[in-house]
Amino acid sequence: DAAYCHQWHRKLAARLAHRERADLFAVYVIEVPLILPEGAEMPDEDRAGFDMLATAEVIAQHHDVHLHTEVLHARSVSSGIIELAKRESANLIVLGSYREGKYTGAPLGRAIEEIASRAKCDVLIGVPGPYGVLLGEDRRENETARPIV
């Protein structure tokens, strides 16, 4: 389920930021079609982005992490993220994907590949496992986690 995966990725980023005592920057990238000018208004897409970022704010507050948010209009997801990471001097980009049948070669897969190869910082790509419990709701915060391999 895509909604679960989006939430999983936000939790992962918030936990990493909390652990490293780092600020977190959540971005929602809207791809602007070539037939529109780069600064074109896209109110429906903007609204979806703001809704998604509102959820990220709740997760960040829960993990006591300072969050910056931005809805970004770009010609491609990869170019938007790479430019933002450069502008903000990011140390790490956390990207997520999810399995929906065969996702190899999907547009998001190509964007992840491009970001991972062009970014001037580390890139962490998270894909929740079908039996993963690392970020599960039922695990108590003071419970000792099993080692990460």
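Up top you'll find the structure we're talking about.
Per chain, the residues get numbers from 1 upward, laid out in the order the sequence is written. For a predicted model such as this one, the threshold for reporting local features is a pLDDT of at least 70, and the threshold for listing and counting side-chain atom pairs is 80 or more; totals across whole chains, interfaces and linings nevertheless cover every residue. Each side-chain value is derived from all of the structure's non-hydrogen atoms; neither hydrogens nor water enter the calculation.

> Quick question: what am I supposed to make of the overall build of the chain here?
Looking only at helices and strands, the chain features four helices and four strands. The secondary structure listing takes helices from DSSP runs of H or I that are at least 4 residues long and strands from runs of E that are at least 2 residues long, numbered from the N terminus. Along the chain, helices and strands appear, N-terminal first, in the series α-β-α-β-α-β-α-β. Under the scheme applied here, a residue whose accessible area is under 20% of the maximum for its type counts as buried, over 50% as exposed, and between as partly exposed, the area being computed with a 1.4 Å probe on protein chains only. Scored against the burial criterion, the 149 residues of the chain give a buried share of 32%. Residue pairs at least 24 apart in sequence account for 73% of intrachain contacts in the chain once pairs closer than 6 positions are excluded. Accessible areas in this description were obtained via Shrake-Rupley with a 1.4 Å probe; residue shielding takes into account the shown protein chains only. Carbon and sulfur atoms provide 52% of the accessible area of the chain, an area that totals close to 10400 Å². Contacts were defined at the residue level, with two residues in contact if any of their heavy atoms lie within 4.5 Å.

> Would you mind going over helix H2 (residues 43-62) with me for this structure?
Multiply 1.5 Å by the residue count of a helix minus one, and that product is the helix's expected span. With 20 residues, H2 should reach 28 Å at 1.5 Å per residue; the first-to-last C-alpha distance of 29 Å fits that figure. Two residues or fewer past H2, Asp64 is found with a positive phi of approximately 55°.

> Please explain the pattern of salt bridges as it appears in this structure.
Side-chain pairing between opposite charges can occur once the charged atoms of the two side chains come close. Salt bridge, as used here, is a side-chain nitrogen of Lys or Arg placed within 4 Å of a carboxyl oxygen of Asp or Glu. For the structure shown, the criterion picks out four salt bridges. We note a salt bridge from Asp44 to Arg47, for which the minimum N-O separation is 3.0 Å. Pair noted here: Asp44 and Arg47 are both in helix H2, with a separation of three residues, about one helical turn. Residue Glu114 is joined to Arg118 by a salt bridge in which the shortest nitrogen-to-oxygen separation is 2.7 Å. Here Glu114 pairs with Arg118, and both are found in helix H4 (residues 107-118), just four residues apart, close to one helical turn. Salt bridges sharing partners connect three or more residues here, namely Glu70, Arg87 and Glu88.

> Would you mind going over the nonpolar core with me for this structure?
Among soluble globular proteins, nonpolar side chains are generally buried collectively. The term nonpolar core refers to a set of buried residues drawn from Ala, Val, Leu, Ile, Met, Phe, Trp, Tyr and Cys, joined through side-chain atoms within 4.5 Å. Counting residues in hydrophobic clusters, the biggest one holds 15 residues, and the most contacted among them are Leu24, Ala26, Val65 and Leu67. In terms of residues, this core owes the most to one element, H2, which gives four residues. Ignoring any residue separated from it by four or fewer positions in sequence, one finds Leu67 in contact with Leu24, Phe25, Ala26, Ala56, Glu57 and Ala60.

> Just to check I follow, could you spell out the layout of surface pockets for this structure?
Gaps left between atoms show up when a probe the size of a water molecule is rolled over them. Lining residues are those with an atom within 4 Å of a point, where the points come from a 1 Å grid over the protein atoms alone and group into cavities, where a 1.4 Å probe fits but cannot get out, or pockets, open sets with protein on both sides within 12 Å along at least five of seven lines. Grid points are joined across faces, edges and corners, and a volume is the space filled by probe spheres set on the points. Estimates place the volume of the largest pocket at around 1600 Å³. Taken together, 49 residues make up the lining of the largest pocket; nearest its centre are Phe25, Ala26, Val27, Val94 and Leu95. Counting residues per element, the ones that place at least two in the lining of the largest pocket are helix H1 (2-20), strand E1 (24-31), H2, strand E2 (67-74), helix H3 (77-87), strand E3 (92-96) and H4. Under the grouping applied here, Gly and all other residues not named as nonpolar or charged are polar, the nonpolar ones being Ala, Val, Leu, Ile, Met, Phe, Trp, Tyr, Cys and Pro and the charged ones Asp, Glu, Lys and Arg. Counted by class, the lining of the largest pocket contains 33 nonpolar, eight polar and eight charged residues.

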